Amino acid sequence: MIDKERLPAMTYSDMLVRIDWNDRISAEENARRTENLVASLGDRILQSTVMAGVQQFVLSHTEENGVAEATVYLKCHEPDDVAPVQDAIRGYLAANAPAARCSFGVSGNVFDMIFAEREAVLTARLRSTTGHSADPEQLQRLLGRIRDALPGQEIPPVAMQEDILYIAQPDRMALYGVTYNDLIAALRNALNENTLFTVTTGDESLPVVIGNDLRSLDDLLGNTFIHTPEAEIPVGILMAFIVMRLTGMSSNLMSLGGIAMGVGMIVDNSIIVIDAYLEYLDKGYSRWYAAVYSAKNYFSSILLATLCICVIFFPLLFTMTGQMLDFVTFFPWTLSISLMVSLAVAMVFIPLLERVLIKKGLKSGRENTGKKRFNLLDTVQAVYTRALTWTFRFPKATIGLGILTVALAILMITQLSQRMMPIADRDQFAVEIYLPQGTSLDRTAAVSDSLYKLLSEDERILSVTSFIGTSSPRFQATYAPNLAGKNYAQFIVNTASVEATRSVLDDYTDRYADYFPDAYVKFKQLDYQNVSSPLEIRFMGDDIARLKQAGDSLMAVLREMDGLVWVHTNYEEALPDVRVRLDPVEASRLGITKAMASADLAIRYDGLSVGSLWEGDYALPIQLRSDKKGEGDAFDKVGDQYLPTIVPGVSVPLRQVSTIEGGWNEGQIVRRNGVRTLSVFAEVTRGTNQNAMQKRIERVMESRIIPTLPEGVTYEYGGAKELDFETMNPLMQGLAIA
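Calculation rules
Residues numbered from 1 in each chain as written. Predicted model: local features only at pLDDT ≥ 70, side-chain atom pairs only at ≥ 80, totals over all residues. Heavy atoms only, no water. Helix = DSSP H or I, 4+ residues; strand = E, 2+ residues; numbered from the N terminus. Buried < 20%, exposed > 50% of the residue type's maximum accessible area, 1.4 Å probe, protein only. Disulfide = S-S within 2.5 Å. Patch = residues over 30% accessible without salt bridge, like charges linked within 9 Å, V, L, I, M, F, W, Y side chains within 5 Å. Areas by Shrake-Rupley, 256 points an atom, 1.4 Å probe, with all protein chains shown as cover. Salt bridge = Lys/Arg side-chain N within 4 Å of Asp/Glu carboxyl O. Axes fitted to C-alpha atoms, helices over the stretch in contact; angles between N-to-C directions. Parallel < 35°, antiparallel > 145°, perpendicular 65-115°, else oblique. Left-handed = near helix turned anticlockwise from the far one by under 90°. Contact = heavy atoms within 4.5 Å. Phe/Tyr/Trp six-rings, centres within 6.5 Å; stacked < 30°, edge-to-face > 60°. Lys NZ or Arg CZ within 6 Å of the ring centre and 35° of its normal. Nonpolar A, V, L, I, M, F, W, Y, C, P; charged D, E, K, R; others polar.

## Overview of unusual backbone geometry
Thought 1: Despite not being glycine, W566 shows a phi value in the positive range, around 50°.
Thought 2: With a phi close to 55°, N673 is a non-glycine residue in the positive phi region.
Thought 3: With respect to the helices, strands and loops of the structure, N673 is situated in the loop between β19 (671-672) and β20 (675-684).
Thought 4: Using a relative accessible area of 82% as the deciding quantity, one classes N673 as exposed.

Shown next as structure tokens:
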């Protein structure tokens, strides 16, 4: 038997740790315990992200957490460090939280999101062979023995249910050419479980089912017939699976992909041998002679041609690295196995079969009626002969045409939009609305409502779901919702068809991008290319002022270029603030401390959190607020707020004991690998060649930005270029070697 896998085995240097503290604790205590656990790992991890308690996403690719549960993402230095880190986590929990339980999983990638299965690695299914219901007590005893034999493994309790077991007979199915899909379809029809569609009337939904009259189970199974056409699997494919089994290869997407690619070429060798056999028969040779020498005389040529095809993909095993190498490891091997098996079939089985089945050549037995009958093969052969004669008559022109064809192909490749991952054609798309940092939720809602009305009036759009101040669920495998914020809104738009999606995006993407003042509307077609922005230039250094100087210089140039929109940085806008500095002498004389002043101002302006009220697993925050809120106060009114002193009944204005002034703070400071990094992002207009725009930006960088780059600032390119380079460059190197 061949081991079956969804994907080939991949190496990971990161993991997801799911922890259940198995205790009645709050979310804050959950976060504290989890952070202490991560801190105990020290420098054995490069990066960590803690998600403690209930998270904000409605749909997610990870399991939902309870209040006493946490999910931790950990990235190690090397894949070999994963197991020691897992042992350290188990040891920490055993010493500090014996009641806690933990499990480990991989963080996944784009292939896992699209293809990976969510079932357990090992599943044991127990069924009664006596026809009676299973004994629950016997199952519980068996489950206890399994837990004793597999310590440290989380084994859920047995869920009892009674099933009617219908056992298929694979040998009979193979004999009559019945597939499992045919069997399932027939049973669904017989059991009236084949739902075609649903008719909705008001609040009621009526399923439309195709099936048969209600009958007893014995009658259904005894009188249900399956009609299916005969099917055959080529001998070469069967032998390829046998070789895979003997060599220990698993059956996964890439190994089956290699066989599927070889299917189109697997008959070529046999066609050559059969064609030579027919030619020998037409020359008057015996069937035995024609069968033997059709294989013998063409063996070396067929072998060389097959080997050339086999070795094309092997250089990828040397140029690819990381997860992409894991993904393509079996592809060249399975392709080579299927092609070499086809060679063996053509050299061994085909001569025997053609001697038995083919007794005349193509020209033998043709009736000589005096009329020339049309034959497609003869016509093609005549055209090919004339073309071949012309190439030998004009060899220089033939070679020149070949060189010209290669040059035109290279030129066309450079003009194509190159992408490692394709765009997802769906009857839906996303709309993201960005406003400046500090924008109120009311302003965001006003812009969102206006755009919502515009989209709702379009007949091509079926529905629009809005998320204002928050992010949407994960409604597509590789679409990651943004973090929530008062200055952010998002729509999920469903259209009538894939063509309607393209049409709406063509009409709206550029028209409404800057339609609203101080807002950018991004119409995002679903995409398997998981980058936040297709064009990204990163500036790295320690001095924020110099980073901003380089970023501002580049943004000024990019905003003058046609085809670019929404040029911005990840440092976002500077945010204003009010800075209050207490006079230590005056404040001490009146008994006013920083803690007292902070608490009083928090109560007046934003509210002071004093605890939480728990209702089951949900925490309701308790905030202390003043009945005289100062949210609408101007800047010069902040100093008029009164602070209590140690003297009972005496309060003084804030300006009496402090200095108040305005200031600006960075909206966001981003670090990559511990280094401050300012990224300049830009979006391309719809229909603009992304690769051509990337090259234009690189020319601008070389001519105008890099020569004036501040000291201590370095740069690199990110976005789609970085993502594609990590995969496309090794891929192109492998093809060049081939």
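## What about the state of the cysteines?
Thought 1: Overall, the coordinates contain 0 disulfides when judged by the stated rule.
Thought 2: No disulfide involves C308; its sulfur sits 9.1 Å from that of C310, the nearest cysteine.

## Details of a nonpolar patch on the surface
Thought 1: A cluster of nonpolar side chains, V348, F349, L352, L353, V356 and L357, forms an exposed patch at the surface whose accessible area comes to about 610 Å².
Thought 2: With respect to the element layout, V356 can be found in helix α15 (residues 331-357).

## Things to note about the packing of helix α20 (residues 544-558) against helix α24 (residues 690-705)
Thought 1: As a packed pair, α20 and α24 sit with axes 11 Å apart at the nearest point and diverge in direction by 125°. One way to sum up the angle between α20 and α24 is to call them oblique. Between α20 and α24 lies a crossing of right-handed hand. Listed contacts from α24 to S553, L554, V557 and L558 of α20 are I697, V700, M701, R704 and I705.

## A short note on the packing of aromatic side chains
Thought 1: Inspection of the entire model under this criterion finds 17 aromatic pairs.
Thought 2: Judged by centre distance (4.9 Å) and plane angle (70°), the ring pair of Y512 and Y515 falls under edge-to-face.
Thought 3: You can call Y512 buried: its relative accessible area is 9%.
Thought 4: Where Y715 meets Y717, the ring centres are 5.9 Å apart and the plane angle is 80°; that geometry is what we call edge-to-face.
Thought 5: Note on Y715: relative accessible area 32%, which makes it partly exposed.
Thought 6: Ring pairing ties together the aromatic residues F429, Y508, Y512, Y515, F516 and F523, which thus form one cluster.
Thought 7: Cation over ring: R33 sits above W21, and NZ or CZ is 5.7 Å from the ring centre.
Thought 8: In this structure, R460 is placed above the aromatic ring of Y508, and the distance from its NZ or CZ to the ring centre is 6.0 Å.

## Re the packing of helix α11 (residues 287-296) against α15
Thought 1: In the contact formed by α11 and α15, the axes pass within 9 Å of each other and the chain directions differ by 155°. By the angle class used here, α11 and α15 are roughly antiparallel. Crossing of α11 over α15 shows right-handed handedness. Of α15, the residues touching α11 (which contributes R287, W288, A291, S294 and A295) are M347, P351, E354, R355 and V356.
Thought 2: Residues of the contact of α11 with α15, tallied by class, amount to 6 nonpolar, 1 polar and 3 charged.

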